[in-house]
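# Coordinate analysis (summary)
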Amino acid sequence: MPSLLLYGSYGYVGNLIAREAVDRGLDVTLAGHDREQLEKQVRELDRPALRFDLSDPVAVAGALDGFDCVLNCAGPFSDTALPLVEGCLETGTDYVDVTGEIPVIERVREYDREATDAGVTLLPSVGFSSIPMDCLAAHLVDRLPEATHLTLGVDSVRVPSIGSLKTVIEGAETESNVYEDGRLERIEPTERTRTIDFGRGERPGVAMPLGDVSSAHYTTGIPNVEVYAHVPRPARAALRVYPRLEGLLARPRVKAALKRVAGTVREGPSERARERGEVFVWGEARDEDGGERAASRLRTPDAYVVTVQGSLNAAERVLAGEADSGYWTPAGAFGPEFVFDVEGASGFFDDPTASTARRTAASR
Ligand SMILES: NC(=O)c1ccc[n+]([C@@H]2O[C@H](COP(=O)([O-])OP(=O)(O)OC[C@H]3O[C@@H](n4cnc5c(N)ncnc54)[C@H](OP(=O)(O)O)[C@@H]3O)[C@@H](O)[C@H]2O)c1
């Protein structure tokens, strides 16, 4: 049976993935840099474990050697992705992760040629960011191949895990969050807002620096991509003051202090909250002058459920040899329908109004 190494296995998301991997009967080895936490998890899950940190490339390559695939859930991925990717290229191990960080996706993609030559698959962002929006993007470009602009949006009311908060704090100086004319450009938080019917009536959305911006750009080749999220009112107010705090948040000591504070809060959503969660995903593709448009929606279970199931669905398909070597996005590797491998995901719901606009424009 092909072997999977799960790095960051005792974090909030890592632990959920580890349990599901055991339930699926996968040959999974737990891994991370904290001996105590790993030993505790080994006692609970009765799986082998490897302790190594990522600062020594020789130790990383030594640990990865012999594994068919590594699934990285240790975030912020700005600290963990590249040492593991470089180890994978040396050992011929495939790499999968659940990053939602734009700069990480962009950096991993730079290894495309090297990975192709080494026969290694690099498949980052197979969590909630980016599977649903990436698959929706692929569906939209199938509907409107001449699209030049893609707008995606997500509406999910939920408290994130502490690890996700730490990643947001770490990425406070993120320099770009939309694609414009094929280039990543920075826009200020709250600079772009619009009202979107994500699937349960019109709601305000704010453009956000989600990894889906990069994934959707590479999946579709569309030069202009932006991603909106429905943000509840208190969070919108916080975003408005963000530009004034940005310099402060980027300072390493302030970041470290905030991460410590974040680490004292409840670790992540309860099982009940995950079971009840639901996410509405919307997207619209249009051509240069807006004459032709296509809009579609889909619905998924809670974002953490999608991350757990989606990342293991991706890892299993990589282990089965279903992904080519080189850098891939989720939909690029497995097609637009890949999102429906997640139990409870439904769609695509195509917007008849936008389709009509397209037909009208096309028949002129
Ligand atoms: N793509 C998506 O949709 C999606 C969904 C959910 C979460 N995420 C991301 O997944 C990441 C994990 O989330 P979480 O809630 O599981 O966070 P968490 O509970 O804080 O877990 C993070 C894990 O990463 C490990 N880690 C962090 N830095 C490390 C380093 N430099 N070397 C080795 N291990 C390191 C931590 O180990 P120690 O505690 O021992 O340092 C811990 O095991 C976050 O970045 C989050 O944003 C993405």
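In short, a report on the structure. Fair warning: this is a prediction, and the values are worked out from it, not measured in the lab.

This part takes up the overall build of the chain. Each helix and strand in the chain was counted, giving 15 helices and 16 strands. When the 364 residues of the chain are sorted by exposure, 51% land in the buried category. Contacts spanning at least 24 positions in sequence make up 74% of the contacts within the chain whose residues lie at least 6 apart. Roughly 16,200 Å² of accessible area belongs to the chain as shown, and the carbon and sulfur atoms make up 48% of that amount.

Here T151 shows up in strand 7 (residues 149-155). Overall, T151 belongs to the buried group, its relative accessible area being 8%. A polar atom in the side chain of T151 sits 3.1 Å from the side chain of E226. Sequence-distant contacts of T151, defined by excluding residues within four places in its chain, comprise R194, E226, Y228, W282, G283 and E284.

Attention now goes to the nonpolar core. Soluble globular proteins tend to bury their nonpolar side chains together. Counting residues in each nonpolar core, the largest one holds 92 residues, and the members touching the most others are L4, F52, L150 and L152. It is helix 13 (residues 303-319) that provides the largest number of residues to this core, a total of 9 residues. Both of domain 1 (3-127 + 305-334) and domain 2 (131-302 + 342-363) provide at least three residues apiece to this core. Apart from the residues within four sequence positions on either side, L150 is in contact with A137, L140, A216, T220, I222, N224, V225, E226, E284 and A285. Membership of the second largest hydrophobic core comes to 9 residues, among which are I196, F198, F280 and A295.

Reading the values: rules and limits
Residues numbered from 1 in each chain as written. Predicted model: local features only at pLDDT ≥ 70, side-chain atom pairs only at ≥ 80, totals over all residues. Heavy atoms only, no water. Helix = DSSP H or I, 4+ residues; strand = E, 2+ residues; numbered from the N terminus. Buried < 20%, exposed > 50% of the residue type's maximum accessible area, 1.4 Å probe, protein only. Contact = heavy atoms within 4.5 Å. Areas by Shrake-Rupley, 256 points an atom, 1.4 Å probe, with all protein chains shown as cover. Polar contact = N/O pair within 3.5 Å; in protein donor to acceptor, adjacent residues only side chain to side chain. Core = buried A, V, L, I, M, F, W, Y, C linked by side-chain atoms within 4.5 Å. Domains from an automatic or database assignment.

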